[in-house]
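So the chains spell out like this:
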Amino acid sequence: MRKFTCILTAVLMLVSLAACGNSAKPANDATAAVSETQAADPATESAQTAVPSADGVDIDLTAMSGTMVYSEVLNMQQKPDEYYGKIVRMKGPFNVTETKDNRYFACVVKDATACCATGIEFEWAGDHSYPEDYPKPDTEITVTGEFTTYTEGNSKYLQLKNAEVQF
């Protein structure tokens, strides 16, 4: 199933790129900064080619298509060192996961077919109390924060720290 999902994601990315013509206006300055060679290969569009926006955001996932957002988040999971310290903005449903020891808050993104989901945990800057100050699960949120990772047990997790949350 995982192999099928990866192949499907790759095919959808290629189809979405083939549909784009040269007359299309770039979504933002970061998109315009990507060379034509890089634009033809979505694997080369990463944190290394990001140009900070006027508001200090290095990677604005809200300005990308659903396929590109999902692909970029997967790239963040596979190559987190390339994103470390970058300011990331993303939009998606709010999710909370509770264990007996911890509570984790995340912004979720789905692939183009909405069959697969992944997300990035965030740490909301300031003093906020759950559930009073937080949105209800599945509420659309926009999160902007500094990309970092942490290790818990034997696993490495992605996190946007010092995040601003809008809902």
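Cut-offs used in this document
Residues numbered from 1 in each chain as written. Predicted model: local features only at pLDDT ≥ 70, side-chain atom pairs only at ≥ 80, totals over all residues. Heavy atoms only, no water. Helix = DSSP H or I, 4+ residues; strand = E, 2+ residues; numbered from the N terminus. Expected span 1.5 Å × (residues − 1). Buried < 20%, exposed > 50% of the residue type's maximum accessible area, 1.4 Å probe, protein only. Phe/Tyr/Trp six-rings, centres within 6.5 Å; stacked < 30°, edge-to-face > 60°. Salt bridge = Lys/Arg side-chain N within 4 Å of Asp/Glu carboxyl O. Pairing = 2+ DSSP bridges. Core = buried A, V, L, I, M, F, W, Y, C linked by side-chain atoms within 4.5 Å. Contact = heavy atoms within 4.5 Å.

**Q** Before we move on, can you summarise helix H4 (residues 66-78) with the specific residues and values?
**A** Side chains three or four residues apart in an α-helix point the same way, a direct result of the helix having 3.6 residues per turn. Across its 13 residues, H4 extends 18 Å between first and last C-alpha, which sits within 8% of the 18 Å expected from 1.5 Å per residue. Restricting attention to buried positions, one finds in H4 the residues Thr-67, Met-68, Val-69, Tyr-70, Ser-71, Glu-72, Val-73, Asn-75 and Met-76.

**Q** Help me get a handle on the packing of aromatic side chains, residues and values and all.
**A** A full pass over the atoms with the stated rule returns 11 aromatic pairs. Between Trp-124 and Tyr-134 the ring centres are 5.0 Å apart and the planes differ by 80 degrees, which places this aromatic pair in the edge-to-face class. One end of the pair, Trp-124, is in strand S4 (residues 117-124); the other, Tyr-134, is in the loop between S4 and strand S5 (140-152), with 10 residues separating them in the sequence. Its relative accessible area of 15% is what places Trp-124 among the buried residues. The structure contains a cluster of three or more aromatic residues connected by ring pairs, namely Phe-94, Phe-105, Phe-122, Trp-124, Tyr-130, Tyr-134 and Phe-167.

**Q** Please provide a residue-by-residue account of the pattern of salt bridges, values included.
**A** One pass over the full model with this rule turns up 3 salt bridges. The salt bridge partner of Asp-55 is Arg-89, with a shortest N-O separation of 2.5 Å. With Asp-55 in the loop between helix H3 (36-40) and strand S1 (59-60) and Arg-89 in strand S2 (residues 87-98), the pair connects residues that are 34 residues apart, well separated along the chain. Residue classification places Asp-55 among the partly exposed residues on the basis of a relative accessible area of 48%. Connected through salt bridges with shared partners, the residues Asp-55, Asp-60 and Arg-89 form a single ionic network.

**Q** Describe the pairing of S4, naming the residues involved and giving the relevant values.
**A** Pairing of strand S3 (residues 103-110) with S4, which is carried by 5 bridges, proceeds in the antiparallel orientation. By the bridge assignment, Cys-107 is partnered in S4 with Ile-120. From the end of S3 to the start of S4, which pair antiparallel, there are 6 residues, and Ala-114 there has a positive phi angle of about 60 degrees. Note that S4 and strand S6 (residues 155-166) share 3 bridges and pair parallel. Looking across to S6, one finds that Glu-121 is bridged to Gln-159.

**Q** Account for the pairing of S5, naming residues and giving values.
**A** In terms of strand pairing, S2 meets S5 through 7 bridges, oriented antiparallel. Residue Arg-89 lies in a different strand from S5, and its bridge partner there is Thr-144. The pairing of S5 with S6 spans 10 bridges and is classified as antiparallel. The partner of Thr-144 across the bridge, within S6, is Glu-164. Between S5 and S6, which pair antiparallel one after the other, the connecting turn spans 2 residues, and Gly-153 there sits at a positive phi close to 65 degrees.

**Q** Tell me about the nonpolar core, and please be specific about residues and values.
**A** Leu-61, Met-76, Met-90, Phe-122, Val-143 and Leu-160 are the most contacted members of the largest nonpolar core, which totals 26 residues. Within the residue set of this core, elements represented by two or more residues are H4, S2, S3, S4, S5 and S6. When neighbours within four sequence positions are excluded, Met-90 is seen to be in contact with Leu-61, Thr-62, Cys-107, Val-109, Ile-120, Ile-141, Thr-142, Val-143 and Leu-160.

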